[in-house]
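Summary of the model geometry
For reference, the chains in residue letters:
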Amino acid sequence: MLTLAQIALHVDGVIIGDAECKISNVSTLQAANSQQISFLANSKYKKYLPTSQAGAVIVSKEMASLVKNSAIVVDDPYIAYAKIATLLNPPKKITTGISDTAMVESNVNISKTVSIGPQVVIEANVKLADRVIIGAGTVLQDGVIIGEGTLIAANVTICHGVEIGKNVVIHPGVVIGADGFGIVNDKGKWIKIPQIGGVKIGNDVEIGANTTVDRGAIEDTVIGDGVKLDNQIQVGHNVIIGNNTVIAGCSGIAGSTIIGENCIIGGGVGIGGHIEIVDNVMITGMSMVTKSLTKAGIYSSGIPAEPSSQWHKNVVRYRQMDKLAARVKKLEHPDIGNITK
Amino acid sequence: MLTLAQIALHVDGVIIGDAECKISNVSTLQAANSQQISFLANSKYKKYLPTSQAGAVIVSKEMASLVKNSAIVVDDPYIAYAKIATLLNPPKKITTGISDTAMVESNVNISKTVSIGPQVVIEANVKLADRVIIGAGTVLQDGVIIGEGTLIAANVTICHGVEIGKNVVIHPGVVIGADGFGIVNDKGKWIKIPQIGGVKIGNDVEIGANTTVDRGAIEDTVIGDGVKLDNQIQVGHNVIIGNNTVIAGCSGIAGSTIIGENCIIGGGVGIGGHIEIVDNVMITGMSMVTKSLTKAGIYSSGIPAEPSSQWHKNVVRYRQMDKLAARVKKLEHPDIGNITK
Amino acid sequence: MLTLAQIALHVDGVIIGDAECKISNVSTLQAANSQQISFLANSKYKKYLPTSQAGAVIVSKEMASLVKNSAIVVDDPYIAYAKIATLLNPPKKITTGISDTAMVESNVNISKTVSIGPQVVIEANVKLADRVIIGAGTVLQDGVIIGEGTLIAANVTICHGVEIGKNVVIHPGVVIGADGFGIVNDKGKWIKIPQIGGVKIGNDVEIGANTTVDRGAIEDTVIGDGVKLDNQIQVGHNVIIGNNTVIAGCSGIAGSTIIGENCIIGGGVGIGGHIEIVDNVMITGMSMVTKSLTKAGIYSSGIPAEPSSQWHKNVVRYRQMDKLAARVKKLEHPDIGNITK
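Residues numbered from 1 in each chain as written. Chains lettered and ligands numbered in written order. Predicted model: local features only at pLDDT ≥ 70, side-chain atom pairs only at ≥ 80, totals over all residues. Heavy atoms only, no water.

Here's the deal with the overall build of chain A
- Per the secondary structure count, chain A includes 4 helices and 40 strands.
- Its C-alpha atoms give chain A a radius of gyration of 27 Å, clearly above 20 Å, the size a compact globule of 341 residues would have.
- For chain A, with 341 residues in total, the buried portion stands at 55%.
- Partitioning the contacts of chain A with sequence separation of at least 6, the portion at a separation of at least 24 is 17%.
- When the accessible surface of chain A is split by element, carbon and sulfur atoms take 53% of a total near 14100 Å².
- When the 29 positive and 29 negative side-chain charges of chain A are each reduced to one mean point, those points stand 10 Å apart. (Helix = DSSP H or I, 4+ residues; strand = E, 2+ residues; numbered from the N terminus. Rg over C-alpha atoms; globule rule 2.2 N^0.38 Å. Buried < 20%, exposed > 50% of the residue type's maximum accessible area, 1.4 Å probe, protein only. Contact = heavy atoms within 4.5 Å. Areas by Shrake-Rupley, 256 points an atom, 1.4 Å probe, with all protein chains shown as cover. Lys, Arg positive; Asp, Glu negative; His and termini not counted. Charge placed at Lys NZ, Arg CZ, Asp CG, Glu CD.)

Have a look at this one:
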């Protein structure tokens, strides 16, 4: 429990109402009780303000007059909410030590402040810095290096030699450093190209559940500092993702593609191999990117769903566009008659 | 081995032929032998009836005359097949008890009738009801609650506090309750928004291999009763899926989207965030849904594959549609001459 | 360390320069040092030849004159590179034996030359041939059969009765043989159809991280010899994939579809159920395949991303195509006047 005053101090906010009001946690405008703080970041939810039971609300200056109980007034209520939610929900205390059921090889370099969960496997030459947490059932192969304060969740696989920075969060089911898809056809048979590169992951990265990041073919696959990857993303070998780029779930990036810094890539996006995307590109969900994007800006593709009867008709029309263009050409040049198609 | 009479009774079917014929299992019309029962649910397979060696066939009244051996006549042969296959393939007897290699914390509430496999991890405050089965290598984090008769397969991760109903089946590699993708940009850096909601999964739900369901940001992510999710689906934070909705593989649903009851969603569908889909909507495979669907019905998008040479041409035409429309306008208004483009 | 002569012999190449030059490994033209061999397979990288520090370069006859140090001249530099990289990076020596922390049931048939990692679970009736390697945390259920020289990586789940051939590589997080998505609607409730088929995987197959292959409904799901599947692919029940077909990441194949031999399928492709694709078909990335492809050739769909402002315009135009066609028709038949739309 913190007072509204303590909370406001944390986000440089101005208090309206009762500075001594006690707050236990965050909640939504609709569900909050008098010991919870809520926020109004999207004007769509303004309608819930009058009836909200929240003890306090985080608002912008413009909305401050609408609050009936207490409030914290800030420039950006959503950022303030994120900080206050973090303040009120500190990470669970983790018991340091190594579970009896973990299998840790002898030739490792592990800080005394780590926490290694049950059924974990840690192979030779692994280095774990201070306060690293390894979740149950996770496997760290030979030579993996993990920086301070990084959390690897349960049932994760980190393959040999992968290097992970500080304060990284890797969610369950993730696989880092499996072989890239390197094959070549030799007289009808596909032969494997050894994947001898590694994976380097920067600091402050977050990687969502069941996402996969392949090791490089020769050089490394690289995930920059502050990159945030959602669930079920596939990152091919030798991909480079620039600092602070974020990618939503189910996207796939083919091998050797380079993505710049501060990009925002939607869910279900497919990005072809061997292309380059500059900094500050935004790509909307389910887009198909087949060529380099050389200018910052927003890119899209895909046609949103419509009733199927209409869709059928439009697909037919799409297939006829060539003919339609020919008909228009003929109308433009009636004198050519039937000679030109 | 059951007699045809016993089987027919189970599905309220009418027997043609030998009621005492012994049946060991189901099979296809093409592969069945005289101790197996097959079915004809799709008239496309009618051609296999004359030569089928099946001891008996499940058919509709209309098809009954085509059967040469014995038959069970029912209204819906496919439903009857499902019930008979279940009857002939009862779940394998599971030995109750806890494997020696499982790691179960002391402060748990576990029925004596559960089966907990090898290398499992069960953290504190977990509650497992009667006849729950936990497959090898699975991790149940702090406070997970699982209802009667639910089967969690191997190498699954259920994160802290997730609640799962009765008679649920969760396949290998699934991750339930990892953090949602909640981030906000604060002066160029992405900061994490704590994901303090949970996940509630109803009764009779099935979740396919390597599917991921994120925990809510503030309130819960909710999967209704009777929902069936195929493999490799991503369900974002605070998504609500209504009862008896089914979703095929590789689909992704972004955060805070609400899907109604009895919907049927195809494979590879992408559904944007913060939208609402009413009950009884069907969405065909690989559709891109970016807006709320407010009427029941069938929706589609995407253009089916065609020979690449044609595809290239059509993409070019697609890009020229604006110009084509302008040309048509000019033809409609020739008097405007060259003034209007 | 091998001499250039030894390496050239391995690929039937012709040496230019110093046959006794010692080579430790492969590298890129840009990064190689004097003890490394590089290759030029794509003329795009020709520009790096003059400044490359590589001790030797694998080149085609056409490019041989551009090399400043030593070279191996071959017909196909990329294939030669694959073979040389394999020669210089032999598989790590694996210690045979069974980890103390593995749980192996008694009624199994396991060669003495296998290597079974920590925290592995091997259920009854499993058969492992010579030199099989089972990675940490992997679960092999009842009756799994694995052929000589096959490597199953960490945290993989192979469900009951699955048969895997020789020299197969299965990467972390893969699930083989989970139930297919078999359900049928009985008066509003979905009932499960038991999935009693199996999975048969041929020889020389590679399956990427977190890919899922479902077991058959009645008969088996079949992956042919030499098939290569990338990461995060979903293969539905009763799919049959012909020999030497390769599929890139994030693709999904719905149930009962049959794919021919020697096909090349790009990433993010969605293939509908119950269709047939003949041999030697190539499908480009993110295509949507809804009908059988009965002729060899290259197929595509999807419209590449463009700046969003343009995309918005094109989507609107797409929706108006029907009207545009009607307007063209009216221009073609002005005499019909306003009667026909």
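Here the narrative resumes, following the displayed structure.
What about the side chain of B:S111?
- Its location among the elements puts B:S111 in the loop between β10 (109-110) and β11 (115-116).
- B:S111 gets classed as buried once you look at its relative accessible area, which sits at 15%.

A word on helix α3 (residues 308-319) of chain C
All names here are of chain C.
- Under the 1.5 Å per step criterion, the end-to-end length of α3 is 16 Å for 12 residues, consistent within 8% with the ideal 16 Å.
- Looking only at α3, the buried set comprises S308, W311, N314, V315 and Y318. Buried residues in α3, looked at end-on, bunch into an arc of 115°, giving them a common side. (Expected span 1.5 Å × (residues − 1). Arc of directions from axis to C-beta.)

Some remarks on the domain arrangement of chain A
- Looking at the assigned domains, one finds that chain A contains domain 1 (2-88), domain 2 (97-299) and domain 3 (307-341).
- The distance between the C-alpha centroids of domain 1 of chain A and domain 3 of chain A comes to 58 Å. (Domains from an automatic or database assignment.)

Here we look at the environment of B:P118
- You can see B:P118 is positioned in the loop between β11 and β12 (121-122).
- Sequence spacing of B:P118 and B:G208 is 90 residues, and the spatial spacing of their C-alpha atoms is 21 Å.

Remarks on unusual backbone geometry
Residues and elements named next belong to chain B.
- Located in the positive-phi region is N244, a residue other than glycine, with phi close to 60°.
- As for its placement among the helices and strands, N244 is situated in the loop between β30 (240-241) and β31 (246-247).
- A relative accessible area of 12% means that N244 is categorised as buried.
- With a phi close to 70°, C250 is a non-glycine residue in the positive phi region.
- Relative to the helices and strands, C250 resides in the loop between β31 and β32 (252-253).
- On the basis of relative accessibility, which here comes to 21%, the residue C250 falls in the partly exposed class.

Digging into empty space enclosed by the protein
- Taken as a whole and judged by the stated rule, the model has 12 cavities of 30 Å³ or more.
- Lining the largest cavity are 19 residues, with A:N155, A:G173, B:N155, C:N155 and C:G173 sitting closest to its centre.
- Broken down by class, the residue content of the lining of the largest cavity amounts to 7 nonpolar, 12 polar and no charged.
- Residue lining of the second largest cavity: A:Q119, A:G137, A:N155, B:Q119, B:G137, B:N155, C:Q119, C:V121, C:G137, C:V139 and C:N155, and that is the complete set.
- Split by residue class, the lining of the second largest cavity holds 2 nonpolar, 9 polar and no charged. (1 Å grid on protein atoms, 1.4 Å probe; cavity = no way out; pocket = protein on both sides within 12 Å on 5 of 7 lines; lining within 4 Å. Points joined across faces, edges and corners; volume = space filled by probe spheres on them. Nonpolar A, V, L, I, M, F, W, Y, C, P; charged D, E, K, R; others polar.)

Some remarks on the relation of the copies chain A and chain B
- When chain A is fitted onto chain B, the two copies agree to an RMSD of 0.1 Å after a turn of 120° and an axial shift of 0.0 Å. In the structure described here, the two chain copies are related by an operation that fits a three-fold rotation axis. (Least-squares fit on C-alpha atoms with pLDDT ≥ 70 in both.)

Some words on the pairing of strand β39 (residues 297-300) of chain B
- Across 2 bridges, strand β40 (residues 306-307) of chain A lies against β39(B) in antiparallel orientation. Note on β39(B): the bridge partner recorded for A:E306 is B:S300.
- Pairing of strand β37 (residues 281-283) of chain B with β39(B), which is carried by 3 bridges, proceeds in the parallel orientation. Across the sheet, B:M282 pairs through a bridge with B:I298, a residue of β39(B). (Pairing = 2+ DSSP bridges.)

Remarks on the environment of B:I23
Residue and element names in this part refer to chain B.
- Counting through the fold element by element, I23 comes out in strand β3 (residues 22-23).
- The spatial distance from the C-alpha of I23 to the C-alpha of M1 is 5.4 Å, given a sequence separation of 22 residues.
- The residues touching I23, leaving out its near neighbours within four places in the chain, are M1, L2, L4, I7, Q35, Q36, I37, A56 and L88.

Points about the pattern of salt bridges
- Enumeration over the complete set of coordinates arrives at 30 salt bridges over all chains.
- Residue A:K92 is joined to B:D142 by a salt bridge in which the shortest nitrogen-to-oxygen separation is 3.4 Å. Placement of A:K92 in the loop between α2 (77-88) and β8 (97-98) and of B:D142 in the loop between β15 (139-140) and β16 (145-146) is noted, with the two residues assigned to different chains.
- Residues participating in the shared-partner salt-bridge network are A:D179, A:K192 and C:E206. (Salt bridge = Lys/Arg side-chain N within 4 Å of Asp/Glu carboxyl O.)

Quick look at the interface of chain B and chain C
- With 65 residues of chain B in contact, the opposing surface of chain C contributes 70 residues.
- Approximately 5400 Å² of surface area, both sides summed, lies buried where chain B meets chain C, with 62% of it carried by carbon and sulfur atoms.
- The interface formed by chain B and chain C holds 7 salt bridges in total.
- Its salt-bridge partner being B:R319, residue C:E306 comes within 2.9 Å of it at the nearest N-O pair.
- Taken together, the connections running from chain B to chain C amount to 25 residue pairs in polar contact (both at pLDDT 80 or more).
- Those elements that provide at least two residues to the side of chain B that touches chain C are β4 (25-26), α2 (77-88), β28 (228-229), β31, β40 (306-307), α3 (308-319) and α4 (321-332) of chain B.
- By residue number, the principal contributor to the side of chain B that touches chain C is α4(B), which donates 8 residues.
- Residues belonging to the side of chain B that touches chain C are distributed by class as follows: 34 nonpolar, 20 polar and 11 charged. (Buried area = accessible area lost by both parts, 1.4 Å probe. Polar contact = N/O pair within 3.5 Å; in protein donor to acceptor, adjacent residues only side chain to side chain.)

As for the interface of chain A and chain B
- Opposite the 65 residues of chain A that make contact, chain B presents 70 residues.
- Of the roughly 5400 Å² buried between chain A and chain B, counting both surfaces, carbon and sulfur atoms make up 62%.
- Between chain A and chain B we count 7 salt bridges in total.
- Note that B:D186 is salt-bridged to A:K83, the shortest N-O span being 3.1 Å.
- Summed over the shared surface of chain A and chain B, the result is 26 residue pairs in polar contact (both at pLDDT 80 or more).
- Within the residue set of the side of chain A that touches chain B, elements represented by two or more residues are β4 (25-26), α2, β28 (228-229), β31 (246-247), β40, α3 (308-319) and α4 (321-332) of chain A.
- Among the elements that make up the side of chain A that touches chain B, the one with the highest residue count is α4(A) (8 residues).

Focus: the packing of α4(A) against α3(B)
- The interhelical angle for the contact between α4(A) and α3(B), taken along N-to-C directions, is 55°, at an axis separation of 9 Å. Classed by the angle they form, the pair α4(A) and α3(B) counts as oblique. Side by side, α4(A) and α3(B) meet where A:M321, A:D322 and A:A325 of the first sit next to B:K313, B:N314, B:R317 and B:Y318 of the second.
- Grouping the constituent residues of the contact of α4(A) with α3(B) by class yields 3 nonpolar, 1 polar and 3 charged. (Axes fitted to C-alpha atoms, helices over the stretch in contact; angles between N-to-C directions. Parallel < 35°, antiparallel > 145°, perpendicular 65-115°, else oblique.)

Re α2(A)
Residue and element names in this part refer to chain A.
- If you check α2, its first and last C-alpha atoms are 16 Å apart, about what 12 residues at 1.5 Å a residue would give, namely 16 Å.
- What α2 keeps buried is the set P77, I79, A80, Y81, A82, I84, A85 and L88.
- One side-chain oxygen at the N-terminal end of α2 lies 3.0 Å from the backbone nitrogen of Y78; it belongs to D76.

Points about the sheet that holds strand β21 (residues 175-178) of chain A
All names here are of chain A.
- The strand order across the open sheet built from 10 strands is β9-β12-β15-β18-β21-β26-β29-β32-β35-β38, with neighbouring strands paired in parallel fashion. Two strands close off the open sheet at either side, each with one partner strand: β9 (103-104) and β38 (288-289).
- Here strand β29 (residues 234-235) runs beside strand β32 (residues 252-253); their pairing, made up of 2 bridges, is parallel. Within β32, the residue paired with Q234 across the bridge is G252.

Description of the packing of aromatic side chains
- Tallied over the full model, the rule gives 15 aromatic pairs over all chains.
- Aromatic side chains B:F39 and B:Y78 sit 5.8 Å apart centroid to centroid with 40° between the ring planes, which places their arrangement in the tilted category. In this pair, B:F39 sits in strand β5 (residues 36-39) while B:Y78 sits in helix α2, placing the two residues 39 residues apart along the sequence.
- Among the aromatic residues, those joined into a ring-pair cluster are A:F39, A:Y78 and A:Y81. (Phe/Tyr/Trp six-rings, centres within 6.5 Å; stacked < 30°, edge-to-face > 60°.)

Regarding the sheet that holds strand β9 (residues 103-104) of chain C
Residue and element names in this part refer to chain C.
- Strands sit in the order β9-β12-β15-β18-β21-β26-β29-β32-β35-β38 across an open sheet of 10 strands; the sheet is parallel. The open sheet has two free edges, formed respectively by β9 and β38 (288-289), since each of these has just one partner strand.
- Sheet topology note: the strand β26 (residues 212-214)/strand β29 (residues 234-235) ladder contains 2 bridges and is parallel. Opposite V213, over in β29, you have V235 as the bridge partner.

Let's talk about the environment of A:S251
Residues and elements named next belong to chain A.
- With respect to the helices, strands and loops of the structure, S251 is situated in the loop between β31 and β32.
- Taking relative accessible area as the criterion, S251 reaches 1% and is therefore assigned buried.
- Spatially, the C-alpha atoms of S251 and V269 are 4.6 Å apart, while their sequence positions differ by 18 residues.
- Within the structure, the side chain of S251 is placed 3.0 Å from the backbone nitrogen of V269, a separation counted as a polar contact.

Regarding the confidence of the model for chain A
- Of all residues in chain A, 98% attain a pLDDT of 70 or more, and the chain-wide mean is 95.
- Scored by ipTM, the complex comes to 0.95, with pTM at 0.96. (pLDDT = per-residue confidence, 0-100.)

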